[in-house]
Amino acid sequence: MKNFLKKIFISSNNLENISQSIIEISKKTPVNKIFKAINNYSTDSEIRYVGGCIRKILKNENVDDIDLATNLEPKEICEALKKYKINYHESGIEHGTITALIEKHKFEITSLREDILTDGRHAKVKFSNDWKKDALRRDFTINSIYSDKDGNLFDPFNGIEDLKNGEINFIGDPE
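Anyway, here's the lowdown on the structure attached to this text. (Residues numbered from 1 in each chain as written. Predicted model: local features only at pLDDT ≥ 70, side-chain atom pairs only at ≥ 80, totals over all residues. Heavy atoms only, no water.)

**Remarks on the overall build of the protein chain**
Now for step 1: Helix and strand content of the protein chain: seven helices and nine strands.
Now for step 2: Within the span of the protein chain, comprising 175 residues, buried residues form 42% of the whole.
Now for step 3: Across the protein chain, every contact between residues at least 6 apart in sequence was considered, and the portion connecting residues at least 24 apart equals 54%.
Now for step 4: For the protein chain, the accessible surface area stands at approximately 10200 Å², while carbon and sulfur atoms represent 45% of it. (Helix = DSSP H or I, 4+ residues; strand = E, 2+ residues; numbered from the N terminus. Buried < 20%, exposed > 50% of the residue type's maximum accessible area, 1.4 Å probe, protein only. Contact = heavy atoms within 4.5 Å. Areas by Shrake-Rupley, 256 points an atom, 1.4 Å probe, with all protein chains shown as cover.)

**Let's talk about the sheet that holds strand E2 (residues 66–70)**
Now for step 1: If you walk across this open sheet you meet the seven strands as E3-E4-E5-E2-E1-E8-E9, and the pairing is mixed. Lying at the two open borders of the sheet, with one neighbouring strand each, are strand E3 (87–92) and strand E9 (153–154).
Now for step 2: As judged from the two bridges shared by strand E8 (residues 146–147) and E9, these two strands associate in the antiparallel manner. Each bridged residue has a counterpart across the sheet, and for Ser147 the counterpart in E9 is Leu153. (Pairing = 2+ DSSP bridges.)

**Points about the pattern of salt bridges**
Now for step 1: Applying the stated criterion across every chain yields a total of seven salt bridges.
Now for step 2: Glu46 is the salt-bridge partner of Arg48, the closest N and O atoms lying 2.9 Å from each other.
Now for step 3: A salt bridge links Lys56 to Asp64, with the shortest nitrogen-to-oxygen separation between them at 2.7 Å.
Now for step 4: For Asp64, a relative accessible area of 57% puts it in the exposed group. (Salt bridge = Lys/Arg side-chain N within 4 Å of Asp/Glu carboxyl O.)

**Quick look at the nonpolar core**
Now for step 1: Membership of the largest hydrophobic core comes to 32 residues, with the highest contact counts inside it found for Ile34, Tyr49, Ile66, Leu68, Leu81, Phe107 and Ile109.
Now for step 2: Residue contributions to this core peak at five residues, all from helix H3 (residues 31–39).
Now for step 3: Excluding residues that lie within four positions of it along the chain, Phe107 makes contacts with Thr29, Pro30, Val31, Ile34, Ile66, Leu68, Ile98, Thr99, Ala100 and Ile102.
Now for step 4: Of all hydrophobic cores here, the second largest spans eight residues; its members include Val50, Ala135, Phe157 and Ile171. (Core = buried A, V, L, I, M, F, W, Y, C linked by side-chain atoms within 4.5 Å.)

**Focus on the environment of Gly92**
Now for step 1: By the element assignment, Gly92 lies in strand E3.
Now for step 2: Between the C-alpha atoms of Gly92 and Glu108, which are 16 residues apart in sequence, the distance is 9.5 Å.

**Some points on the environment of Pro30**
Now for step 1: Along the chain, Pro30 falls in the loop between helix H2 (18–28) and H3.
Now for step 2: Exposure remark for Pro30: the relative accessible area of 10% places this residue in the buried category.
Now for step 3: Separated by 75 residues in the primary sequence, Pro30 and His105 have C-alpha atoms spaced 7.7 Å apart.
Now for step 4: Apart from residues no more than four positions distant in its own chain, Pro30 is found in contact with Ile102, Glu103, His105 and Phe107.

**A few points about unusual backbone geometry**
As a rule of thumb, non-glycine residues mostly have phi less than zero, and peptide bonds are mostly trans rather than cis.
Now for step 1: A positive phi angle, near 60°, is found at Asn60, a position not held by glycine.
Now for step 2: Among the structural elements, Asn60 can be located in the loop between helix H4 (52–58) and E2.
Now for step 3: For Lys85, which is not a glycine, the phi torsion comes out positive at approximately 55°.
Now for step 4: The topology assignment puts Lys85 in the loop between helix H5 (74–83) and E3.

**What about H3?**
Now for step 1: Every buried residue of H3 is listed here: Val31, Ile34, Phe35, Ala37 and Ile38. Mapping the buried residues of H3 onto a view down its axis gives an arc of 165°, with all of them on the same face.
Now for step 2: For H3, the secondary structure elements touched by its buried residues are H2, strand E1 (47–50), E2, H5, strand E4 (97–102) and strand E5 (105–111). (Arc of directions from axis to C-beta.)

The structure is reproduced here in structure tokens:
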């Protein structure tokens, strides 16, 4: 168990290179096309990395899966991707998820949302423009860390600190 925990926690030494690592991911994958499509959709549109890919970057691990969150609704995501000739499929549109396909890469893009009704695993959602409300519906603090493509972090529940301290904390009441 101790070895497992060591694998998922971050050392404070890795925190100095976060921005550069995020910028490198942006350079090594075609994700910049998605950032451009979403950020140019309107003056208010925004997209960020979220969840496991940020956690892996913080821990200096191989990023093999890139999830993104945006303040656009699913229909708007599709319009933005179509305008930039990015292939996609509506993988979970009722929950706000669109999967973009560029070259051999898949990118899950999910609209910001909040739970209206949930039975634990499945939820009825309402789309939102509020990053913190979206973070509130995530499971652990270490999965509620967002970053723009330049490495600027948004960490509303101190997930980075929890990674440094080797802690896994729920967001809200785990029941």
